[in-house]
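# Summary of the model geometry
So you can see what is in the structure, the chains are spelled out below.
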Amino acid sequence: MKTAIAFWNILLKDMRNYYLKPPNISWGIIFPFAWMLMFFLKSQTTVDVRGVLPGVMAMSILFGTTSMLAVTITFERRSRSFDRLLLSPVSLTWLMLAKTLGAIIFGIINAFVPVLIALFFIPVSHINWVILILSVIFIAITSTFLGLFIAVSVSEVFEAQTFSNFFRFPMVFLCGLFIPIGQLPIFLRPFSYIIPLTYGADLLKTAINQNGHIALGISLLVLLCLSILLFMISKRNIKKRWIY
Amino acid sequence: MEQHILRVENLSKKFNDFLAVNSLNFSVIKNEIFGFLGPNGAGKTTTINMLTGLARPTSGSIFINDKDYTANIKKAQEIIGIVPDESNLYEEMDGLENLCFCASLYGIKKAERIHRAKKLLQQFNLTTAGNKPYKSYSKGMKRKLTLAAGIIHEPGILFLDEPTTGIDVASARQIRALIKSLNEAGTTIFMTTHYIEEAERLCHRIAFIVNGQIIKIGKIDELMEDAQKDKIIQFSFDGIVQLNQFENNFNHQFSHCKLTYIQDSVFQIHSAIPLDLMPLISFFDSHGLKVTEARIIKPSLEEVFVKITGIERDVMKKEKEGRKK
C-alpha cells in the first residue's frame, strides 16, 4: 500500500510538472502532425498515408519518450531532487517504473495523434486494432527504457539529447520503415535486427497494412526482452553511478 | 541505560586510492544531538551519504536500533530523515505540494499528509509562503522547508548536513532554534557542521573529524577538560606596559605561571594550578602598574579543536567566510 501511494504520487508529480506542461503537450501534437503533413503533401494519395503511418507512429513514440526521459531523469538528477527519491524507502525498481510510466503514457498518446489524423484520409476497416494497441504499448515501453538507459548514462540534459540522437537517427533509417531492410547494404542488416524499432515498426506494419515480415510473437518477445535488458542495465548504472 | 539509535563500526569509504573515510567508530544516543565537526573535505558528507544510502561503504557496519543495515540501508530509510546541504525540493511546486509529495514517498495517506504539511508550515513560520512556488523562496526559507520535508514522516533519527551553511544570520538562528525544538520534542539528530560555535551551541556530543578519521569524541565538557586544566587570567593595565619592566621579577616570584603578551596594555597569565588574584594585583601595584581589568579566560571549543586536531584557526575561518560568500 505504501509503495502504491509513493508510486502514484511520483507519477502524478511527473505528469503535472512535465508531461502536462503546454510545451510538451504541443510537442506531442505538433511533432506527429508535422511528420504526417510532410508525408501527405509529398504523396497526396491515401495508399501512401497508410504506408507512412507505421513509420510516423513509431517515430512519434521514439522521439517523444526519449526526449521526455532526458528531462524527467537527467534534469532532476542535476537539480538533486532525484536524490530525494533515492533517499526514500521506495525500492529502485518501483521508483524507476514510476518515473518511466509517465513517459510510456506520453508515448502512447503521441502514437495516436497520427492515427487520428490518418482517420480522415483512410478507411479504418483494415486496421487490426488489437495488434495496433499492443504494438504501441510495446514500442512505448521499449523506447522509454531506451530513454532511461540514455538518461542514466549522462550527467547533463544536453548530453542526454545528443546521446539520444546517436541512437534515434540510425534507428529510423535501419528499422526498415523507409528503406526496406533487404535493400540495405549487407553489413548494415545485422544492426537492423538488434534495434527495437525494427520489431516495433514491423508490428505496426502488420497491424495497419498486414505486410509485416517478422512473426508477431517473435517481435513481441524481442521487444519484451530488450525492455527488460535496458531496464536492468539502467538500474545497474544508477546503482553504480548515483549510489557511489 | 542509554539507548544507541545509531552505531557505526569500522566504517570506511575508498574512492580508487583515496581513503575518504577511515575506519569510523561512533554511536548516537537516542534523543541527543550528535555533531560531526570538521573542515571541508574531512569526510562529513561522505559519512552522512553512507549512513543514509547515497553511498556504499567500502567496509564496516551500520547498525540502526541494533539492527545491521549495512547491506541494505534502503530498509532503514523509513525511519531516517535527511536534510542535505543543498535544498533538493521541486522548484515548480509550492511549499505545501513539496511537503505533501515528500510525505507520499513514505506512503502517508492524503488527508494525513495535508494535515502534517500544514502543521509543519505553521511550525516553521511558512504558512503564507506555503502556496507560493518553491523557486520564489529565499535561501533561508528554502532551508526551512527542506528541514520540514526531512521530518514530515516523523523519523526516529534526522540527518542534517551543514544545516546553516550559506544562509543569512537571522535564518541561521531560526534554523538552530528549530533544530533545538525538534530535539526537545524527541527527535534524535546527527548533524555535520564546520561551524564550531554551532556545534558548541547545539550538540550534546561532538566528534572531531579530520582527513576521514575521528580524532576525538565526547561531550563538550569532556572535550574541554584538557584545555580547562590550564587556568588563564587576562590583565588589562592603564597605559602602555613594557614587559621588561617586570618580567624577571614576575618569573622569579610566580615560577608556576607563564606570562603571555597579548597587546600593549594586555597580558595573560597561564597556570596549571588555580591562581590567587590578590598576590598578582599586589605584584603589579608594587611595579607601578595600575590594573584596570582582570578576568578569567575560559578556553573555547575552537581552541580545543585547534589543539586536538592541529588545524589552524584560520583554516576554519576562511572556510566559514568562503561558504558565506
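Described in the following lines is the structure provided in the data block. (Residues numbered from 1 in each chain as written. Chains lettered and ligands numbered in written order. Predicted model: local features only at pLDDT ≥ 70, side-chain atom pairs only at ≥ 80, totals over all residues. Heavy atoms only, no water.)

Turning next to the interface of chain B and chain A. At the junction of the two partners, chain B supplies 32 residues and chain A supplies 28 residues. Carbon and sulfur atoms supply 56% of the area that chain B and chain A bury against each other, a total of about 2700 Å² over both sides. Looking at the side of chain B facing chain A, the largest losses of area belong to Leu-54, Tyr-90 and Leu-105 of chain B, adding up to 25% of the total buried there. Summed over the shared surface of chain B and chain A, the number is three salt bridges. Residue Asp-85 of chain B is joined to Arg-80 of chain A by a salt bridge in which the shortest nitrogen-to-oxygen separation is 3.4 Å. Viewed at the interface, chain A and chain B are joined by eleven residue pairs in polar contact (both at pLDDT 80 or more). If you list the elements that add at least two residues to the side of chain B that touches chain A, you get strand S1 (4-15), helix H1 (44-52), helix H2 (95-104) and helix H4 (139-151) of chain B. If one sorts the elements of the side of chain B that touches chain A by residue count, H2 of chain B sits on top with three residues. When the residues that make up the side of chain B that touches chain A are grouped by side-chain class, the tally is 14 nonpolar, nine polar and nine charged. (Contact = heavy atoms within 4.5 Å. Buried area = accessible area lost by both parts, 1.4 Å probe. Salt bridge = Lys/Arg side-chain N within 4 Å of Asp/Glu carboxyl O. Polar contact = N/O pair within 3.5 Å; in protein donor to acceptor, adjacent residues only side chain to side chain. Helix = DSSP H or I, 4+ residues; strand = E, 2+ residues; numbered from the N terminus. Nonpolar A, V, L, I, M, F, W, Y, C, P; charged D, E, K, R; others polar.)

What follows deals with unusual backbone geometry. Residue and element names in this part refer to chain B. Even without a glycine there, the phi angle at Asn-65 is positive, about 50 degrees. Tracing the backbone through its elements, the reader meets Asn-65 in the loop between strand S4 (59-64) and strand S5 (67-68). The phi dihedral of Asn-211 falls on the positive side, at around 50 degrees, and the residue is not glycine. When you line up the elements, Asn-211 lands in the loop between strand S9 (205-210) and strand S10 (213-219). Among the residues examined, Asn-211 registers a relative accessible area of 61% and is labelled exposed. (Buried < 20%, exposed > 50% of the residue type's maximum accessible area, 1.4 Å probe, protein only.)

Before going further, it helps to spend a moment on the sheet that holds S1 of chain B. Residues and elements named next belong to chain B. As summarised here, the arrangement of the four strands in space is S2-S1-S4-S5, forming an open sheet in which the pairing is antiparallel. Strands with a single pairing partner mark the edges of an open sheet, and in this sheet they are strand S2 (18-29) and S5. Where S1 and S4 come together, five bridges link them in antiparallel fashion. Looking across to S4, one finds that Arg-7 is bridged to Phe-63. (Pairing = 2+ DSSP bridges.)

To continue, consider the pairing of S1 of chain B. Pairing between S1 of chain B and S2 of chain B: eight bridges, direction antiparallel. Along S2 of chain B, the bridge assignment pairs Lys-14 of chain B with Leu-19 of chain B.

In a beta sheet, neighbouring strands pair by backbone hydrogen bonds and run either parallel or antiparallel. Residues and elements named next belong to chain B. Within the open sheet, the six strands sit side by side as S6-S7-S8-S3-S9-S10. Their pairing is mixed. A single partner strand is all that each edge strand has here, and the edge strands are strand S6 (80-83) and S10. The sheet shows a mean angle of 15 degrees between the axes of neighbouring strands, taken without regard to direction. Pairing of strand S3 (residues 33-37) with strand S8 (residues 188-193), which is carried by five bridges, proceeds in the parallel orientation. The partner of Gly-35 across the bridge, within S8, is Met-191. (Axes fitted to C-alpha atoms, helices over the stretch in contact; angles between N-to-C directions.)

Interpretation in functional terms is not warranted from these geometric data alone.
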